[in-house]
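Structural features, examined
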Amino acid sequence: MRRHLLLVLAPVVAIALGALAWYFIRMPANAALDPAQIAATQAAASQAIPVTAGVAKTDDVPVYRTGLGTVQAYNTVTVKVRVDGQLNTVTFTEGQDVKANDVLAQIDPRSFRATLDQANAAKAKDEAQLANAKLDLQRFVNLGEFATKQSVDTQTALVRQLEATVLADAAAVESAQVQLDYTTITAPLSGRTGLRLVDPGNIVHVTDPNGLVVITQLQPISVIFTLPQDQLPEVMKGSASGALKAIATARTNGQALGEGTLALVDNQIDPNTGTVRLKATFPNEDYALWPGQFVNVRLLVRSLQNVVTVPSSAVQRGPDGTYVYVVNSDSTVAMQAVTVTEMIDGSSVITTGLDAGARIVVSGQYRLQPGSRVQAGAATAESSGGT
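Residues numbered from 1 in each chain as written. Predicted model: local features only at pLDDT ≥ 70, side-chain atom pairs only at ≥ 80, totals over all residues. Heavy atoms only, no water.

As for the pairing of strand 2 (residues 57-79)
Pairing between strand 2 and strand 13 (residues 294-311): 13 bridges, direction antiparallel. Looking at the pairing, Gly 67 lines up with Val 297 of strand 13. In the sheet, strand 2 pairs with strand 9 (residues 213-228) via ten bridges, with the strands oriented antiparallel. Within the sheet, the bridge partner assigned to Gln 72 lies in strand 9 and is Ser 222. (Pairing = 2+ DSSP bridges. Helix = DSSP H or I, 4+ residues; strand = E, 2+ residues; numbered from the N terminus.)

In structure tokens, the structure reads:
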């Protein structure tokens, strides 16, 4: 019986011993508990993570609101003729800067000058008749009781009639002079001329729809832009203390094109877009702004005084809100919840959770967790997002 049992168990024991031998032969080298490798792993785990560090600071922060705007000429005038006639000369060149009252063109004045001469002649004739009528009236008055009352009254009425005629003649002379003046076409305002719409030699009419030229006033110049309706209260509050500064910047590279002031807030909000239109005026000394140009307008609505600021790249967002990594004295980091109210020009304004002077991680946060050891390098101006 015992011999039979040994015969049965012998193959099982042999198989178990073979399997154990195969495991030890094939076991990977890194599966062994090597103390040196364990130490190396622990050293790698405790190695400092390189990051860029900065310091929270106290600063005055201007608060801007930015909207998309379109440049418009401050004034635009289509110069038209006021009398009919032949256009003799055009004295301006296309694209020329003109001043108010500069001569632009001349219509043939001869017929209008003749009309003025006729009006002056008629006035002179009536003035002579008036002078004679006044002398006759004086003679009747000097006769006293020898002149009838009817003759005096009749002569008095004639004098008044001739006086009215002379007044009408004076009005006719003035009208003829105005018509003659209209033959000289002058610039109604200072600005820049566009394309010439009529060539010399053409007959021009008051009813012509196109006019002679379009003058646009470029200095100063206006920009119409929009802001969300939610920003209107702070705009109105800021405007109450004076004109707000506006900065026009290029759409592509953000280059500043000019500084001006807010001139107008529209009297209604567009219900379709929920925005309000505003108008800013710019001196435009260097002609950087041009009618029809699209620009961004940054409106300075207020200024925050002595607030804590950090580079915006330092602010992280998690399930519980915004936070920053604070670098402790032992070069470890800790998560610090903060409240951000404004993010302007690469800087974030911190109202709660952080004091000025605290060291923070500006970049390299993706490998960090609370308690991580860091090797902090100084932040450059670009990485810190300083204004």
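A look at the nonpolar core
If you look at the biggest cluster of nonpolar residues, it comprises 31 residues, and the most contacted ones within it are Phe 225, Val 235, Leu 278, Phe 282, Leu 289 and Leu 299. The set of elements that each furnish at least two residues to this core consists of strand 2, strand 9, helix 5 (232-239), strand 10 (245-250), strand 11 (256-270), strand 12 (275-282) and strand 13. If one sorts the elements of this core by residue count, strand 13 sits on top with six residues. Excluding residues within four positions of it along the chain, Leu 289 makes contact with Val 71, Ile 221, Val 223, Ala 248, Leu 257, Phe 282, Asn 284 and Val 295. (Core = buried A, V, L, I, M, F, W, Y, C linked by side-chain atoms within 4.5 Å. Buried < 20%, exposed > 50% of the residue type's maximum accessible area, 1.4 Å probe, protein only. Contact = heavy atoms within 4.5 Å.)

Focus: the confidence of the model for the protein chain
When pLDDT is averaged across the protein chain, the result is 86; 86% of the residues are at 70 or more. With pLDDT under 50 throughout, residues 1-6 is counted as low confidence; its partners more than four residues away or in other chains account for zero contacts. Taken as a whole, residues 20-25 scores under 50 in pLDDT and shows zero contacts with residues more than four places along the chain or in a different chain. (pLDDT = per-residue confidence, 0-100.)

Description of helix 5
Turning to helix 5, its buried residues are Leu 232, Glu 234, Val 235 and Gly 238. Looking straight down helix 5, one finds that the buried residues subtend no more than 165 degrees of arc, so they occupy a single side. With respect to the buried face of helix 5, the exposed residues turned more than 90 degrees away are Pro 233 and Lys 237. As for helix 5, its buried residues are in contact with strand 2, strand 9, strand 11, strand 12 and strand 13. (Arc of directions from axis to C-beta.)

A short note on the packing of aromatic side chains
Within this structure, the stated rule accounts for two aromatic pairs. Both rings, one in Tyr 287 and one in Trp 290, keep their centres 6.4 Å apart while their planes meet at 65 degrees; by these two values the pair is edge-to-face. Judged by relative accessible area, which is 38%, Trp 290 ranks as partly exposed. Judged by centre distance (5.7 Å) and plane angle (90 degrees), the ring pair of Tyr 323 and Tyr 325 falls under edge-to-face. The same class applies to Tyr 323 and to Tyr 325, which are both buried. Looking at Arg 192, its charged tip hangs above the ring of Tyr 287, at a distance of 4.8 Å from the centre. (Phe/Tyr/Trp six-rings, centres within 6.5 Å; stacked < 30°, edge-to-face > 60°. Lys NZ or Arg CZ within 6 Å of the ring centre and 35° of its normal.)

Looking at the sheet that holds strand 6 (residues 184-186)
Read from one edge to the other, the open sheet built from four strands follows the order 6-5-3-8, with strand pairing classed as antiparallel. The strands lining the two open edges of the sheet, one partner per strand, are strand 6 and strand 8 (203-204). Bridging between strand 3 (residues 85-90) and strand 8 involves two bridges; their strand directions are antiparallel. Its bridge partner being in strand 8, Gln 86 is matched across the sheet by Ile 203.

As for the side chain of Thr 249
Among the structural elements, Thr 249 can be located in strand 10. Thr 249 sits in the buried class, given a relative accessible area of 8%. Each residue touching Thr 249, except ones within four places of it in the same chain, is listed here: Gly 254, Gln 255, Ala 256, Leu 257, Val 295, Asn 296 and Arg 298.

Some remarks on the pattern of salt bridges
Within the structure shown, the criterion is met by 13 salt bridges. With a closest N to O distance of 4.0 Å, Glu 127 and Lys 123 form a salt bridge. Placement of the pair is Glu 127 and Lys 123 together in helix 3 (residues 110-143), with a separation of four residues, close to one helical turn. The partly exposed category is assigned to Glu 127, whose relative accessible area is 35%. A relative accessible area of 24% means that Lys 123 is categorised as partly exposed. Between Asp 266 and Arg 277 there is a salt bridge, and its shortest N-O distance comes to 3.8 Å. Taken as a pair, Asp 266 in strand 11 and Arg 277 in strand 12 lie far apart in primary sequence, eleven residues in all. If you follow the salt bridges from partner to partner, you end up with Arg 65, Glu 234, Arg 302 and Glu 342 in one network. (Salt bridge = Lys/Arg side-chain N within 4 Å of Asp/Glu carboxyl O.)

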